[in-house]
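Residues per chain, in single letters:
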2 protein chains.
Amino acid sequence: MNELEIIDYIRGLVPNGRRLLTDDVAFVRGGVAYKVDMLVRSTDVPPGMSYYQIGRKAFISVLSDFTAKGVRPRFALLSLGIPRDMDDAEIKQTLEGVLSAASGHGAQVVGGDVNEAKDLVIDVILVGRYRRAVKRGGMKCGDLVFATGNFGLTSIGLDHLLNGAAVKEPLLDLALKEVYEPEPPLSFGIRAVEAGYLNASMDSSDGLAMTLNELALQSGKRIELTALPVSNNIIMMMEENGRDVVKDVFFGGEEYQVVLSASEDKRDKLVKLAKDEGVVLHEIGRVSCGPPGVYLSYKGKTVEIPRAGWVHLS
Amino acid sequence: MNELEIIDYIRGLVPNGRRLLTDDVAFVRGGVAYKVDMLVRSTDVPPGMSYYQIGRKAFISVLSDFTAKGVRPRFALLSLGIPRDMDDAEIKQTLEGVLSAASGHGAQVVGGDVNEAKDLVIDVILVGRYRRAVKRGGMKCGDLVFATGNFGLTSIGLDHLLNGAAVKEPLLDLALKEVYEPEPPLSFGIRAVEAGYLNASMDSSDGLAMTLNELALQSGKRIELTALPVSNNIIMMMEENGRDVVKDVFFGGEEYQVVLSASEDKRDKLVKLAKDEGVVLHEIGRVSCGPPGVYLSYKGKTVEIPRAGWVHLS
């Protein structure tokens, strides 16, 4: 069984699991939301990442879901599996990475568990308060679609680190910063949700194609993209480096950003809020009333963007 | 760094960590309590345990802390690391073990995370409601000390499974049942705490000696034991099997039971509650106003019970 099959099996066993276990965070009555995310060294840590960055990433992964849902962090629990190969300095740096990210984002650590394990495992549990529960399935016909951040950089960084792909400066620097020190736009997410600007939103860390398809499927809508969520100067750098831009942007993953939809009358407010918060915000398309699917019109051609894999425009 | 050193380092880094991170569960304002416990296959699973029992044990480990603190389970999150060596049937049995234990104890699973890892890791997070926060440090001079269940059986079961120690029936059966299918006295714990019978309590899964010493230390009191928390017929079986009874009882661990103190006027009420709930309850000693420590008077001798290790009475 792969991870998706295991999740589906769990949904079938849990009472109301098919309805409840579908979103980025668990919203329960009383305005409390929960999220857990496990970082595993053997699968989630790229080469060259420091232990401080590893600890920090474990926290950021779960914070990213709170960001997309506009949930304010309050409490964290920390559950660790520590392998024998780690020395004291590495353990301490890992802990400092997790704990400084927690306190820096308003989460009080109230409990945890420490164990020996064969793999380094950092499980971070976040508890927070929400005022509005924004779901994946809330897209409305005519909504505009936005994404924060610049997509594709992590894909390029990982291709360099894992496969030795040659990438020139300054693109390499930008790419490695995204891989090693991701930073979800928490304050933007909270303010956008609490102000009621969003109809739907989702954390993008499983990749843009997966995220857009999940939003389209759960909303029962068609998403028509007319732009990529990447600044023009970065697209130029990607092309100069001979990258397949569409593949990097849609099928990379590990971008801890927010993909959202909002009605057209919220456009100016969102743009202003992003500017206030220093967040890069790209308007990338529109929602239409059609069978679920994601389509991209780019450089004069229209292609369907599948959940996973990649597409070639030429 | 060992696990205790890592926990101590975390306490030092977390704001108010030395005060907050000291008890079985995290009590936060508003009557909500949290607990996380990670089961790791390579260290927490004895030989011969089925995957269903492994999944169940992962839930029981965290439930045990709620039991000792009288917290009613409400929500659970489930974070998994699954190694490639597990086949579909093993994964499904594991999930069924965790999830049936959750639903059987009133915990609605509201979220989770699934990952690949080198070790089987099952991290269970429980959220519950409490009416009274009973701490480890609440023992009063003159309190009676009680423990639920029969201690020493898991030590004998594990000695048999791990070291091949010969154990005769029916003791072997009793011991293996405790190892494979522990069951904390949840309803007893909730009723005893909510009725206000307890001054202090703690889950005993790290071993009776560790548990009593922790209670004594945090309460600043001396515990004087005059009996073992084991039924007489089981002590007889242990002696017939040539076991070192005091060592098995105090220095085994993995008993998911409750060690508690209560004022003398609560004795009859506790005994009646235990009878109502079908729970074995042993009165084992008394709290006195002295420097922290744990002493056992048994078979005409008095010995100090250290946090860990073992003592010989002869």
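Sequence order sets the numbering: in each chain, residues are counted from 1 along the sequence as written. Here every chain gets a letter starting at A, and every ligand a number starting at 1, in the order they are written. The predicted nature of this model means local features are confined to residues of pLDDT at least 70 and side-chain atom pairs, given and counted, to a pLDDT of 80 or more, with totals for whole chains, interfaces and linings taken over all residues.

Regarding the domain arrangement of chain A
Residue and element names in this part refer to chain A.
And then number 1: Annotation comment: domain bounds sourced from an automatic or database domain assignment. Assigned domains within chain A: domain 1 (3–129) and domain 2 (144–304).
And then number 2: Taking the mean C-alpha position of each, domain 1 and domain 2 sit 23 Å from one another.
And then number 3: A pair of residues counts as a contact when their C-beta atoms, built from backbone coordinates, are separated by no more than 7 Å. Counting residues at the interface gives 19 residues for domain 1, matched by 22 residues for domain 2.
And then number 4: Residue contributions to the side of domain 1 that touches domain 2 peak at ten residues, all from helix 4 (residues 51–69).
And then number 5: Three classes are used: nonpolar for Ala, Val, Leu, Ile, Met, Phe, Trp, Tyr, Cys and Pro, charged for Asp, Glu, Lys and Arg, and polar for all others, with Gly counted as polar. Residue classes in the side of domain 1 that touches domain 2 are distributed as six nonpolar, eight polar and five charged. Strands here are runs of E lasting at least two residues and helices are runs of H or I lasting at least four, both read from the DSSP assignment and numbered beginning at the N terminus.

A short note on the sheet that holds strand 1 (residues 26–28) of chain A
Residues and elements named next belong to chain A.
And then number 1: Following DSSP output, two strands are said to pair if at least two bridges run between them. Reading across from one edge, 1-2-5-3-4 is the order of the five strands in this open sheet, with mixed pairing throughout. Because the sheet does not close on itself, it has two edges, and the strands there are strand 1 and strand 4 (108–116). Strand-to-strand, the axes of this sheet are offset by a mean angle of 15 degrees, without reference to chain direction.
And then number 2: Sheet topology places strand 1 next to strand 2 (residues 32–40); three bridges connect them, and they run antiparallel. Looking across to strand 2, one finds that Phe 27 is bridged to Ala 33.
And then number 3: An axis is simply a line fitted to the C-alpha atoms; with a helix, the fit covers only the stretch in contact. Between two such axes, the angle follows the N-to-C directions and lies from 0 to 180 degrees. Its contacts with the sheet place helix 5 (residues 88–104) against strand 3 (72–82), strand 4 and strand 5 (121–129), and it is angled at close to 165 degrees to strand 3.

Side note on the interface of chain A and chain B
And then number 1: Of the residues lining the interface, 49 residues belong to chain A; the matching set on chain B comes to 49 residues.
And then number 2: In terms of residue count, the dominant contributor to the side of chain A that touches chain B is strand 4 of chain A (nine residues).
And then number 3: Residues that form the side of chain A that touches chain B fall into these classes: 28 nonpolar, ten polar and eleven charged.

Some thoughts on the relation of the copies chain A and chain B
And then number 1: The fit set for superposing copies consists of C-alpha atoms from residues with pLDDT of at least 70 in both; the fit itself is least squares. It takes a turn of 180 degrees to lay chain A on chain B, together with a shift of 0.0 Å along the axis; the resulting RMSD is 0.0 Å. Viewed as a symmetry operation, the transformation between the two copies matches a two-fold axis.
And then number 2: Of the residues that chain A buries at the interface, 100% are likewise interface residues in chain B, meaning the two copies contact each other through the same surface.

Section: the sheet that holds strand 1 (residues 26–28) of chain B
Residue and element names in this part refer to chain B.
And then number 1: Taken together, five strands build an open sheet; the order of strands is 1-2-5-3-4 and the sheet is mixed. In this open sheet, the two strands that pair with only one neighbour each are strand 1 and strand 4 (108–116). Strand-to-strand twist in this sheet, taken as the mean axis angle between neighbours without regard to direction, amounts to 15 degrees.
And then number 2: Examined bridge by bridge, strand 2 (residues 32–40) and strand 5 (residues 121–129) share nine bridges and lie antiparallel to one another. Residue pairing across strands places Tyr 34 opposite Val 127, the latter belonging to strand 5.

Section: the environment of Ala 165 of chain B
And then number 1: Examined against the element boundaries, Ala 165 of chain B turns out to sit in the loop between helix 6 (153–163) and helix 7 (171–180).
And then number 2: If near-sequence neighbours (up to four positions away) are discounted, Ala 165 of chain B is found in contact with Asp 159 and His 160 of chain B.

Regarding helix 8 (residues 186–194) of chain A
Residues and elements named next belong to chain A.
And then number 1: The exposure label follows from counting other C-beta atoms within 10 Å of a residue's C-beta, where the C-beta atoms are placed from the backbone and the thresholds are 20 or more for buried and 12 or fewer for exposed, leaving partly exposed in between. By the burial criterion, the buried members of helix 8 are Leu 186, Phe 188, Gly 189, Ile 190, Ala 192 and Val 193.
And then number 2: On the buried face of helix 8, the contacting elements are helix 4, strand 3, strand 6 (144–148), strand 9 (258–262) and helix 12 (267–277).
And then number 3: Positive phi appears at Gly 196, one or two residues downstream of helix 8, with a value of about 80 degrees.

A few points about unusual backbone geometry
The general pattern is negative phi for most residues beyond glycine and trans for most peptide bonds.
And then number 1: Looking along the chain, the bond that leaves Glu 169 of chain A and enters Pro 170 of chain A is cis, with omega of 0 degrees.
And then number 2: Structurally, Pro 170 of chain A can be placed in the loop between helix 6 (153–163) and helix 7 (171–180).
And then number 3: With a phi angle near 60 degrees, Asn 16 of chain B is a residue other than glycine that sits in the positive phi range.
And then number 4: Positionally, Asn 16 of chain B belongs in the loop between helix 1 (3–13) and helix 2 (17–20).

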